[in-house]
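Now for the letters of each chain:
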Amino acid sequence: MPPKRSYWLVKSEPDEFSYADLVAARGSTTLWDGVRNYQARNTLRDDMKRGDLVLYYHSNTKPPGVAGVAEVVREGYPDPTQFDPKDSHFDAGSDEADPRWFAVDLKARAELDAYVSISDLKANPNLSEMAVVQRGQRLSVQPVTASEFREVVKMGGLKAADLR
DNA sequence: GCCAACGTTGGC
DNA sequence: GCCAACGTTGGC
């Protein structure tokens, strides 16, 4: 019996890297990097597993919302940008032998037929507990329950069978 | 160990 | 562009 699949929501600013950019990337896969928050780091390093499904959320845009579904295809590994002095995410305090920051690889699975904006999420009583709609919620990677995931996918017009 | 100052996130 | 919320830093 394989371990149970988990669900996540990750935020990305579409001006930096949108869901369409992920679809267009080589192998529709990218390194999801640049996270510099310890709680999010722990999730990336310890909790996200191959085969987990991810709601890809566009933040800092109008309107913010969920654009598509991605899959974790490579589990946590050291984020290379922390060692690159030219990168804005460079961290001089991180030791290559004991890296401070981690990344995962995400692969595009399915764009939502209908973009699900944050106002749509907030209007759905089934999603009132969802982390992303809570006040002051800034974590760039958040756990999502299976039922929340199913609900958002349904709102986006995808069939569960599309995401077996 | 407290907490004020500061920087960042991100909706609005 | 504003600013509330939150995390981090650093003086004491």
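Predicted model only: the values in this text are computed from it and were never measured. (Residues numbered from 1 in each chain as written. Chains lettered and ligands numbered in written order. Predicted model: local features only at pLDDT ≥ 70, side-chain atom pairs only at ≥ 80, totals over all residues. Heavy atoms only, no water.)

Student: Whenever I open this one, the side chain of Ser12 confuses me. Can you help?
Tutor: Following the sequence through the fold, Ser12 ends up in strand S1 (residues 7-12). Take Ser12: its relative accessible area is 9%, and that puts it in the buried class. There is a polar contact of 3.3 Å between the side chain of Ser12 and the side chain of Tyr56. (Helix = DSSP H or I, 4+ residues; strand = E, 2+ residues; numbered from the N terminus. Buried < 20%, exposed > 50% of the residue type's maximum accessible area, 1.4 Å probe, protein only. Polar contact = N/O pair within 3.5 Å; in protein donor to acceptor, adjacent residues only side chain to side chain.)

Student: Sorry if this is basic, but what is going on with the protein's contact with DNA strand C here?
Tutor: Every residue lining DNA strand C is accounted for by Tyr38, Arg135, Gly136 and Arg138. For DNA strand C, the backbone portion of the atoms within 4 Å of the protein, that is sugar and phosphate, comes to 75%. Take Arg135: an N or O atom from its side chain is 2.2 Å from a phosphate oxygen of DNA strand C. Arg138 places a side-chain nitrogen or oxygen 2.8 Å from a base oxygen of DNA strand C. Classifying every residue of the surface near DNA strand C by side-chain character gives one nonpolar, one polar and two charged. (Near = heavy atom within 4 Å. Nonpolar A, V, L, I, M, F, W, Y, C, P; charged D, E, K, R; others polar.)

Student: What's the story with the protein's contact with DNA strand B in this structure? I'm lost.
Tutor: Neighbouring DNA strand B are Lys11, Tyr57, Ser59, Asn60, Pro64, Ile118, Lys122 and Arg138. If you look at DNA strand B and keep only atoms within 4 Å of the protein, 71% of those are sugar or phosphate atoms. Tyr57 has a polar side-chain atom sitting 2.8 Å from a phosphate oxygen of DNA strand B. Separating a phosphate oxygen of DNA strand B from a side-chain N or O atom of Lys122 is a distance of 2.8 Å.

Student: Please clarify how the confidence of the model for chain A should be interpreted in this entry.
Tutor: Should pLDDT be low for a region, the predicted coordinates there are not to be read in detail. Overall, the prediction assigns chain A a mean pLDDT of 92, with 98% of residues at 70 or greater. Mean pLDDT per element in chain A: helix H1 (residues 14-17) is the minimum at 92, and strand S3 (residues 53-58) is the maximum at 97. (pLDDT = per-residue confidence, 0-100.)

Student: Quick question: what am I supposed to make of the packing of aromatic side chains here?
Tutor: Two aromatic rings, taken as a pair, are described by how far apart their centres are and by the angle between their planes. Going through the model one piece at a time under the given rule, you end up with three aromatic pairs. With 5.5 Å between their ring centres and 65 degrees between their planes, Tyr19 and Tyr56 make a pair best called edge-to-face. Placement of Tyr19 in helix H2 (residues 19-24) and of Tyr56 in strand S3 is noted, with a sequence separation of 37 residues between them. Note on Tyr38 and Trp101: the rings are 4.7 Å apart at their centroids and 40 degrees apart in plane angle, and the pair reads as tilted. With a gap of 63 residues between them, Tyr38 in helix H3 (residues 38-47) and Trp101 in the loop between strand S4 (65-78) and strand S5 (102-117) connect regions that are remote in the sequence. When its relative accessible area of 46% is taken as the criterion, Tyr38 is described as partly exposed. With a relative accessible area of 4%, Trp101 lands in the buried category. (Phe/Tyr/Trp six-rings, centres within 6.5 Å; stacked < 30°, edge-to-face > 60°.)

Student: Honestly, the layout of surface pockets in this entry has me stumped. Any pointers?
Tutor: The gaps left among the atoms become clear once a water-sized probe is rolled over them. A volume near 560 Å³ is recorded for the largest pocket. Surrounding the largest pocket, 19 residues form its lining, Lys11, Ser12, Glu13, Trp32 and Asp33 being those nearest its centre. Looking at the lining of the largest pocket, the elements that each hand over two or more residues are S1, H1 and strand S2 (29-32). Ranked by the residues each element gives to the lining of the largest pocket, the list is headed by S2, at three residues. Residue composition of the lining of the largest pocket, by class: five nonpolar, eight polar and six charged. Approximately 160 Å³ is the volume found for the second largest pocket. Every residue along the wall of the second largest pocket is listed here: Arg5, Tyr7, Leu53, Ala146, Phe149, Arg150, Val153, Ala160, Leu163 and Arg164. At four residues, the largest contribution of residues to the lining of the second largest pocket is made by helix H5 (residues 146-155). Grouping the constituent residues of the lining of the second largest pocket by class yields seven nonpolar, no polar and three charged. (1 Å grid on protein atoms, 1.4 Å probe; cavity = no way out; pocket = protein on both sides within 12 Å on 5 of 7 lines; lining within 4 Å. Points joined across faces, edges and corners; volume = space filled by probe spheres on them.)

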